[in-house]
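Residue strings, one per chain:
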Amino acid sequence: MADNLPSEFDVVVIGTGLPESIIAAACARSGQRVLHVDSRNYYGGNWASFSFSGLLSWIKENQQKTNINDECEDWRKLILENEEVISLSKKDKTIQHVEDFCFGDQDSAEDVEEAGALPKLPVFGASGAEGVAQESEKECPPVESALPEVESAEPEKATGTEPASAMEGNDTEITSENESSHSAALGESTLESGKAEAAPSEISAQEPKKITYSQIVREGRRFNIDLVSKLLYSRGLLIDLLIKSNVSRYAEFKNATRILAFREGKVEQVPCSRADVFNSRQLTMVEKRMLMKFLTFCLDYEQHPDEYQDYENGTFAQFLRTRKLTPSLQHFILHSIAMVSETDCSTLEGLQATKKFLQCLGRYGNTPFLFPLYGQGEIPQCFCRMCAVFGGIYCLRHSVQCLVVDKESGRCKAIVDHFGQRISANYFIVEDSYLSESVCTSVCYRQISRAVLITDQSVLNTDSEQQVSILTVPPVDLGKPAVCVIELCSSTMTCMKDTYLVHLTCPSTKTAREDLEPVVQKLFNLNTEKETDNEELEKPRVLWAVYFNMRDSSGVDKNSYDGLPSNVYVCSGPDSALGNDCAVKQAETIFQEMFPTEEFCPPPPNPEDIIYDEDEIVPEESGFSNSAETKPESSTEEGSSGGSTAVKKEDNEE
């Protein structure tokens, strides 16, 4: 296929991360000829999601950092005398300090194969869990296990190749539309939301089932583990873009069900909506009134400047101390609602963050956040699918040797790929990790510390097992960053039954393990020995963990890159923020610079409204599609258990 690529395009996009994928979709939608390539064999770059075996392969690749040899050594013959080249990097240097540990019971996992896995292939992403599992076992302390393996009662399904209805506690059907993606089609173009219902556990105090490492490997396709952990604000830029462009039909979402706080060594639920506040048993009646009064003020704080003007130069934490709020309320607002730094956040920034949180409440559920089923890695793939629908060409495992620059004009003219083919274009989008060190010498990067844990129970057990929780753990030392913890249950399609997937994220000060392990030790039991004190036994047990540092290239000015032509645009990788606004803003800014007269990701036409002759047809105001995939609005609201969320245009009131 790659040998037969056309030699001319309007836009060439290198990298399939979220901002690149949005740009590719916007360009294809506006009628541009788009070539979208990635040297990896999976979509998403550092925004990707992996099955368990896929993550083990990714870990092994990043621990080894093998050299990649050029397949075509004579590509320089394609460069003319009046041209120069900007070589692209062959190595991904955005991931560092990768350490994985297994704390689960070590039965013989060497011969265990992933259920539904394809035969092993000599490419990244093949289910080579056995070899990697052996290496992981070497690092794991041996633990004797006399317990028989607990088999999953569910039939083993390859969720990528057939419809999945494995949402424990939910009846929502999710139809997988292609083998490489677990994306589910939303019938309506608009997000519908129901109240999250989950099957209550039979006995809340019941001990969690013993999960062994071989079970995790065998059920590896049940896992969709994100490299970057984010949630979608219900009134954020990404949700608005998904609705506007109708890309929402390619994905399905679940409400984050609760906001948690870590205070005085305990995890507790934060009341954030009006109903939560008045139903809360942890707040006194006086505290409830205090909290409601302050949150009401935050919603229209701009109308009352006299109440905060005197504190504009101070921090938000100092401002909260003047508002007649108890210490527990100050803690909830600072760390769980505004989610800002105690030392670095100004009063105005804190009020803006609190207002954003409150405005997002109630749109799709009782928290401001949504999580995409099958993981964050689905979102880039959704935009890639939109690009392909409008004629974009995709090539994975397709590396680019260099950018070709005209010496006279200083503009980039073409790329040369690893097959030695020269492809011309007007504009070039390059993901930061593809740029060589010589281009990035003046760039100062930040780092993100990440940890991913597989645990056997929730950090806060309630009568419902199926919870999607967000918890902010404040730093012990002032000035250090807080740690954001997102806990996902099996109904998000990101982990196997009877386990939880926990993501920890913070801006780096040291290696990821040094930054995050103290928080892990506070919240979880890492002991593999049977003799542990009662306090540790009450905590969720970590079965498996990985720590790594990821480069944060957000906020880098284009002028910091040395010698880049004006028609080459750089997209950053993920940032440490909870939302996706940075990626959407970046994509829209780059698109408008390239095509200032074009609309950014306009709504697609309704097939029924397409005009085949000169007769004008009045567009209908209802949904976009009446295809067989479309679920009737009533059936989604009445027949669904409400655990998943679909995007609804009518909810877009602004």
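Refer to the structure presented above.
The notes below deal with the structure included here. No experiment lies behind these values; they were computed from the predicted model shown.

Below, the discussion takes up the pairing of strand β11 (residues 258–263). Where burial is concerned, most of β11 is hidden: six out of the six residues are buried. Examined bridge by bridge, β11 and strand β20 (residues 469–473) share four bridges and lie parallel to one another. Residue pairing in the sheet places alanine 261 in a bridge with threonine 472 of β20. Examined bridge by bridge, β11 and strand β12 (residues 266–269) share four bridges and lie antiparallel to one another. Looking at β12, one finds that alanine 261 is bridged to glutamate 268. Connecting the antiparallel pair β11 and β12 is a turn made up of two residues, with glutamate 264 showing a positive phi of about 55°.

Throughout the structure, instances matching the rule amount to 20 salt bridges. Between glutamate 219 and arginine 222 there is a salt bridge, with the nearest N and O atoms lying 3.3 Å from each other. Taking relative accessible area as the criterion, glutamate 219 reaches 8% and is therefore assigned buried. One connected set of salt bridges, linked through shared partners, spans Glu83, Asp406, Lys413 and Arg422.

So, on to the sheet that holds strand β16 (residues 412–417). Read across the sheet, four strands follow the order β4-β15-β16-β17 without closing on themselves; strand pairing throughout is antiparallel. What marks the edges here is a single partner per strand, and that holds for β4 (83–87) and β17 (422–424). Taken over all neighbouring pairs, the strand axes of this sheet differ in orientation by 30° on average, direction set aside. Taken together, the five bridges between β4 and strand β15 (residues 400–406) define a ladder with antiparallel strand orientation. Residue glutamate 83 lies in a different strand from β15, and its bridge partner there is aspartate 406.

Moving on to helix α14 (residues 581–594). For α14, with 14 residues, the first-to-last C-alpha span of 20 Å sits near the 20 Å given by 1.5 Å per residue. Within α14, the full set of buried residues consists of Asp581, Ala583, Val584, Ala587, Ile590, Phe591 and Met594. Those residues of α14 that are buried lie in contact with α1 (18–29), α5 (237–245), α10 (347–360), β18 (427–431) and β24 (568–571).

Closest axis-to-axis distance for the helix α9 (residues 327–337)/α10 pair is 10 Å, and the angle between their directions is 75°. Between α9 and α10, the angle is such that the two are roughly perpendicular. Between α9 and α10, the contacting residues are Ile333, Ser336 and Ile337 on the first element and Ala353, Thr354 and Phe357 on the second. Considered class by class, the residues forming the contact of α9 with α10 number four nonpolar, two polar and no charged.

Basis of the calculations
- Here the residue index of a chain counts from 1 through its sequence in written order.
- Confidence filtering applies because this is a predicted model: local features only for residues at pLDDT of at least 70, side-chain atom pairs given and counted only at 80 or more, and all residues used for totals across whole chains, interfaces and linings.
- Hydrogens and water are ignored here; the side-chain numbers use all heavy atoms of the structure.
- Relative accessibility thresholds used throughout: buried, under 20% of the residue-type maximum; exposed, over 50%; partly exposed, between the two (1.4 Å probe, protein chains only).
- Think of it this way: any DSSP run of H or I at least four residues long counts as a helix, any run of E at least two long counts as a strand, and we number them from the N terminus.
- Paired strands are those between which DSSP finds at least two bridges.
- A side-chain nitrogen of Lys or Arg and a carboxyl oxygen of Asp or Glu constitute a salt bridge if their distance falls within 4 Å.
- Orientation is described by axes fitted as lines to C-alpha atoms, over the contacting stretch for helices, and by angles from 0 to 180 degrees between their N-to-C directions.
- Expected helix span is computed as 1.5 Å times (number of residues minus one).
- What makes two residues a contact is simply this: any of their non-hydrogen atoms within 4.5 Å.
- Small angles under 35 degrees read as roughly parallel and large ones over 145 as roughly antiparallel, with 65 to 115 read as roughly perpendicular and the rest as oblique.
- Residue polarity is assigned by list, with Asp, Glu, Lys and Arg as charged and Ala, Val, Leu, Ile, Met, Phe, Trp, Tyr, Cys and Pro as nonpolar; anything else, Gly included, falls into the polar class.

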